[in-house]
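Below, each chain spelled out in residue letters.
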Amino acid sequence: MAPARAPGSPSGALCRQLLLTLAILTFSCDACKTVTLYVPSKLDAEKLIGRVNLKECFKSATLIHSSDPDFQVLEDGSVYTTHAILSSSEKRSFTILLSNTETQEEKEIPVLLEHQTEKRHSQEKVLRRAKRRWAPIPCSVPENSLGPFPLFLQQIQSDTAQNYTIYYSISGPGVDKEPRNLFYVERDTGNLFCTRSIDRETYPLFELVAFATTPDGYTPEYPLTLVIRIEDENDNYPIFTETSYVFKVFENSKIGTTVGQVCATDKDEPDTLHTRLRYSIIEQFPASPTLFSMHPTTGVITTSSSQLDRELIDKYQLKIKVQDMDGQYFGLQTTAACIINIEDVNDNLPTFTRSSYVASVEENRIDVEILRVAVQDKDLINTANWRANYTILKGNEDGNFKIVTDSETNEGVLCVVKPLNYEEKQQVILQIGVVNEAPYTGSSRSTMNTATITVNVLNQDEGPECDPRVQTVRMKENVAVGTKNIGYKAYDPETRSSSGIRYMKSSDPEGWVDVDENSGVITILKRLDREARSGVYNISIIASDKDGRTCNGVLGIILEDVNDNGPVIPQRTVIICKPVMSSAEIVATDPDEPIHGPPFDFSLEGASDSEVLRMWRLTKVNDISARLSYVNDLQFGKYTVPVRVTDRLGLSLVTPLDVILCDCVTPNDCSTRSGLSSGTGEVILGKWAILAILLGIALLFCVLFTLVCGATTGTAKKPKVFPDDLAQQNLIVSNTEAPGDDKVYSTNGFTTHAVGGSAQGICGTLGSRVKNGGQETIEMVKGGHQTMESCQETGHHHTLERYKEGGQHTLDSCRGGPIATDNCKYTYSEWYSYTQPRLGEKVRQCDQDNTHMQAQDYVLTYNYEGRGSAAGSVGCCSERQEEDGLEFLDHLGPKFRTLAETCMKR
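Residues numbered from 1 in each chain as written. Predicted model: local features only at pLDDT ≥ 70, side-chain atom pairs only at ≥ 80, totals over all residues. Heavy atoms only, no water.

Peer 1: Any details on the overall build of the protein chain? Residues and values, ideally.
Peer 2: Counting secondary structure elements, the protein chain contains seven helices and 57 strands. Split into buried and exposed, the 906 residues of the protein chain put 43% on the buried side. A separation of at least 24 residues holds for 66% of the contacts in the protein chain among residues at least 6 apart in sequence. For the protein chain, the exposed area adds up to about 47800 Å²; of that, 50% sits on carbon and sulfur atoms. (Helix = DSSP H or I, 4+ residues; strand = E, 2+ residues; numbered from the N terminus. Buried < 20%, exposed > 50% of the residue type's maximum accessible area, 1.4 Å probe, protein only. Contact = heavy atoms within 4.5 Å. Areas by Shrake-Rupley, 256 points an atom, 1.4 Å probe, with all protein chains shown as cover.)

Structural data, given as structure tokens:
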């Protein structure tokens, strides 16, 4: 190898910086012995300049780093240039940093680079390379070699030995790694030796790294990879993967059918004669005839004959051999056993042990075994090839017999499943056949064996027969009591006569008929009703002979319908939601058959009465329904309306209907109320009316408390009182959410003010709402500004609480907060648009009567999700205070009750 070229050096400032860095690291890390490498002044890129013994300084280093980016240090301590370097300075230094990431331990190796001089190597001439010898050919070592040891392998030599004194060394597996000390090299000559025998199956190849260095540590050559191969010796026997193989093949298989495959392995070197295997069959038992062959290279066993018969021999044993060296006589060999089981196929038909059989059975017997037949089959027992299936081929056209297989004995069991009649047939001849469960695969043309069975029927003295068991007669449902009809008939099977047979009924649910003991004739005892028994009436009959033998039958009386039922209206109560609906549909039904039913005619009973015609009207909808509507604007309440319905044949029936006119949205709203006006002036208070009264009383107490509170506050304001005449009051709405000063003027002189600030809250019969510190005041003005106010003191408030199903509802009128309704589902606008015209209407009515209004009687208050409040009061005229008030509450009823009911449920 040509000598390495000397690198150049950086500027003096860079050298001084490196020396300073080296000094700093010397104080922070443990420094090892300084290494000096001699290099030329010019160095090419990626050139080896020397090798440093890193393990001498730090054995457990996991990270290796160079302080100078111009140089790279490998794990074996080899130092390479990263790029071309030209140095004018004679000396240059850098540091190799070694560290362990687990123990956090660090060490450093100072490296000093000096230029090569002619004086140092005065005795060594620098010659140009004429020929490289640093790449010797790969060598090999026979495995299991007998020596003598150490065994010379080859010589490694660098052509730089012409110019320098070169020392040779090696490392890698077999040297300083397992197996250690297997190879070594002479330092001065480069002769490579092996110290002991090697097993190729354990170590087939060694890759060593050879180094050439000068005595002063300079490395003029790259590390050399030296490959040492271990030559194989046929020292391993081929081995079967299993000591004993078990295969199976069906009998009668064709020649060439695959039975199985065997396999062997050899640890010697692949793709050589040492691992080229040959398979063969050494011995077969039973020996004759030869039925199997084996492929020599694949180990596949196939049939060589089609004469495999399980019924003769069901198992064969083979001794097989595998041999390496391609089967030559000097190759190593191994044997194994192979068992081949012959599988059964259905190649034998089942055959009856006899060709004909005789059996007998008494007549009228059922579910009895009368005969067993046996078969023979050479196939494997308890398999589908052996199990028999029996069939009756002829003679069982009436279905009297059945033949089944006994799973344990494989016999055919003949049974009687339908009674035989000696008077009809005294002998039956059956032909039966037998096959296997599995399809037949043999060579015989016939696939079924047959036999004949003669069955003799024995006579038996029998009792009466009820045949047919169910007999029917037809009668009209309105037949007169005492009417007779043919009844039930039984007979003697021997004589086919009914003489001497007696009858009695065992079941007559309604007691409608009587059965004559001697003839079976029936007599009607009560009026028959088809609608009561769904058209058919069954009577259980017992027939007996002189010996007491009996049979059971059923006599069914088919009741023919007559028009004996008028049409009726099942729904007797009809609810009409006024004013949402003005009519209701009624439906009629007729229990008679359709021929006696629709179409129906509907009419009002008492149609001549002008009062009925003035109030109600009937309109036909279809064949079975009509629509009932009120004519004039009737009052809410309950009315009785008689309706006559006539069927197609003129039979009619009057149904009195209870018609309820109710203020509701759906009939269900009205039906859930506990109180309704009867229409006659009588008032029944429901739970919602009582609730409204309680609310009024609560608000009255709140007004009184407000007056007392206003008198004791000591403020300069005078307490306001209600006007003497409240006849023109109406519901005024304030929907101001933020503080401000807004007025809303009503058509009848009332004014609403929304006053900002944090003044006192409002408590009164008109309701209140306060939000975000603001206050809203409802003022009622008559001829001038009159304000209804109330003072609020800390801790003074009145609460009306109701607990129902875990919910709480609070009416709080004195603390300035919103009135809780538990998120009721009606919006404020809907409530306002509904109540406002009705309140105005009520006020105008009382004003016309020129009567005084009581403002505190009924108060309706609603608040929804902080969107505003609606409050109003309405009173009743003094002569009709209670009546008109409740009528108005009923007038507001559906929405008010729905709102209150929803709040109570929550």
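Having seen the structure, we can now continue with the description.
Peer 1: An account of the sheet that holds strand 45 (residues 601-604) is needed here, citing residue identities and associated values.
Peer 2: One open sheet holds the four strands; their spatial order is 43-49-48-45, and the pairing between them is mixed. A strand with exactly one partner marks an edge of an open sheet, and here the two such strands are strand 43 (573-577) and strand 45. Direction aside, neighbouring strands of the sheet carry axes that sit 35° apart on average. Two elements, strand 48 (residues 637-646) and strand 49 (residues 652-662), share ten bridges in a ladder whose sense is antiparallel. The residue bridging Val 641 from the neighbouring strand is Leu 657, located in strand 49. (Pairing = 2+ DSSP bridges. Axes fitted to C-alpha atoms, helices over the stretch in contact; angles between N-to-C directions.)

Peer 1: Please give an account of the packing of aromatic side chains that cites residues and values.
Peer 2: In the structure shown here, the tally under the stated rule is 15 aromatic pairs. Just above the ring of Phe 211 sits the side chain of Arg 51; from NZ or CZ to the centre is 4.2 Å. Between the NZ or CZ atom of Lys 578 and the centre of the ring of Phe 636, over which it lies, the distance is 5.4 Å. (Phe/Tyr/Trp six-rings, centres within 6.5 Å; stacked < 30°, edge-to-face > 60°. Lys NZ or Arg CZ within 6 Å of the ring centre and 35° of its normal.)

Peer 1: Which residues make up the environment of Thr 495, and what values do they have?
Peer 2: For Thr 495, the location among the structural elements is in the loop between strand 37 (484-485) and strand 38 (502-507). For Thr 495, a relative accessible area of 52% gives the class exposed. Along the primary structure Thr 495 and Glu 423 are separated by 72 residues, whereas in three dimensions their C-alpha atoms are 9.8 Å apart.

Peer 1: Before we move on, could you go through the environment of Arg 527 and cite the residues and values that matter?
Peer 2: As for its position among the elements, Arg 527 is in the loop between strand 40 (522-524) and strand 41 (536-544). With 45 residues separating them in the primary sequence, Arg 527 and Gly 482 have C-alpha atoms 9.6 Å apart. Among residues more than four places away in sequence, those in contact with Arg 527 are Glu 477, Val 481, Trp 512 and Asp 564.

Peer 1: Residues and numbers for the sheet that holds strand 24 (residues 300-303), please.
Peer 2: As summarised here, the arrangement of the three strands in space is 20-24-23, forming an open sheet in which the pairing is antiparallel. Bordering the open sheet on either side are strand 20 (258-261) and strand 23 (292-294), each of which pairs with just one other strand. Along the sheet, successive strands turn relative to each other by an average axial angle of 20°, direction set aside.

Peer 1: Lay out unusual backbone geometry in plain terms, naming residues and giving numbers.
Peer 2: Residue Gly 147 is joined to Pro 148 through a cis peptide bond whose omega torsion reads 5°. In this chain, Glu 178 is followed by Pro 179 through a cis amide linkage whose omega measures -5°. You can see Pro 179 is positioned in the loop between strand 13 (167-171) and strand 14 (183-185). In the Ramachandran plot, Asn 144 falls in the positive-phi region, its phi being about 60° despite a non-glycine side chain. Position of Asn 144 relative to the elements: it lies in the loop between strand 11 (139-142) and strand 12 (151-155). One non-glycine residue with positive phi stands out, namely Asn 410, at about 65°.

Peer 1: Tell me about the layout of surface pockets, residues and numbers included.
Peer 2: Roughly 820 Å³ of volume is contained in the second largest pocket. Forming the boundary of the second largest pocket are 27 residues, of which Arg 51, Lys 55, Glu 75, Asp 76 and Asp 176 lie nearest the centre. Taken together, the elements giving at least two residues each to the lining of the second largest pocket come down to strand 5 (63-66), strand 13 and strand 16 (205-213). Tallied by class, residues from the lining of the second largest pocket come to twelve nonpolar, six polar and nine charged. (1 Å grid on protein atoms, 1.4 Å probe; cavity = no way out; pocket = protein on both sides within 12 Å on 5 of 7 lines; lining within 4 Å. Points joined across faces, edges and corners; volume = space filled by probe spheres on them. Nonpolar A, V, L, I, M, F, W, Y, C, P; charged D, E, K, R; others polar.)

Peer 1: Describe the pattern of salt bridges, and please don't skip the residues or the numbers.
Peer 2: All chains considered together, the criterion is met by 20 salt bridges. With a shortest N-O distance of 2.5 Å, Arg 92 and Asp 70 are connected by a salt bridge. Within this pair, whereas Arg 92 is found in strand 9 (residues 91-100), its partner Asp 70 is found in the loop between strand 5 and strand 6 (71-73), the two being separated by 22 residues in sequence. The same class applies to Arg 92 as to Asp 70, namely buried. Salt-bridge contacts for Asp 545 lead to Arg 549; the nearest nitrogen and oxygen are separated by 3.2 Å. You can call Asp 545 buried: its relative accessible area is 17%. Members of the salt-bridge network, linked through shared partners, are Glu 369, Arg 372, Asp 406 and Glu 411. (Salt bridge = Lys/Arg side-chain N within 4 Å of Asp/Glu carboxyl O.)

Peer 1: Account for the state of the cysteines, with residues named and values stated.
Peer 2: Here is the idea: a disulfide is a covalent bond, and it sits between the sulfur atoms of two cysteines. What the rule picks out here adds up to four disulfides. A sulfur-sulfur distance of 2.3 Å marks the disulfide that ties Cys 662 to Cys 670. Measuring the twist about the S-S bond at about 110°, one finds the Cys 662-Cys 670 disulfide to be right-handed. By the burial criterion, Cys 662 is buried, and Cys 670 matches it. (Disulfide = S-S within 2.5 Å.)

Peer 1: So what about the environment of Val 536? Which residues, and what values?
Peer 2: Note that Val 536 resides in strand 41. Expressed as a C-alpha distance, the spacing of Val 536 and Gly 556, which sit 20 residues apart in the sequence, is 6.4 Å.

Peer 1: Explain the nonpolar core to me, and be specific about the residues and the numbers.
Peer 2: Ranked by size, the top nonpolar core spans 25 residues in total, and within it Phe 352, Ile 370, Val 373, Phe 401, Leu 414, Ile 453 and Val 455 carry the most contacts. Apart from residues no more than four positions distant in its own chain, Val 373 is found in contact with Phe 352, Tyr 357, Tyr 390, Ile 403, Glu 411, Gly 412, Ile 432 and Ile 453. One finds Ala 588, Tyr 630, Leu 634 and Leu 661 within the second-largest nonpolar core, a separate group that totals 24 residues. (Core = buried A, V, L, I, M, F, W, Y, C linked by side-chain atoms within 4.5 Å.)

Peer 1: Describe the side chain of Thr 214, naming the residues involved and giving the relevant values.
Peer 2: Note on placement: Thr 214 falls in the loop between strand 16 and strand 17 (224-231). Classification of Thr 214 as buried rests on a relative accessible area of 4%. Within the structure, Thr 214 has its side chain in polar contact with the side chain of Asp 216 (distance 2.3 Å). What Thr 214 contacts, discounting residues up to four positions off in sequence, is Tyr 164, Thr 165, Ile 166 and Pro 220. (Polar contact = N/O pair within 3.5 Å; in protein donor to acceptor, adjacent residues only side chain to side chain.)

Peer 1: Please give an account of a nonpolar patch on the surface that cites residues and values.
Peer 2: Nonpolar side chains collect at one region of the surface, where Ile 690, Ile 693, Leu 694, Ile 697, Leu 700, Phe 701, Leu 704 and Leu 707 lie side by side and expose about 670 Å² of accessible area between them. Residue placement: Leu 704 occurs in helix 4 (residues 687-712). (Patch = residues over 30% accessible without salt bridge, like charges linked within 9 Å, V, L, I, M, F, W, Y side chains within 5 Å.)

Peer 1: Which residues make up the confidence of the model for the protein chain, and what are the values?
Peer 2: Per-residue confidence for the protein chain averages 74 on the pLDDT scale, and 70% of its residues sit at or above 70. Contacts for the low-pLDDT stretch residues 838-889, under 50 throughout, to residues beyond four places or in other chains number 127 contacts. (pLDDT = per-residue confidence, 0-100.)

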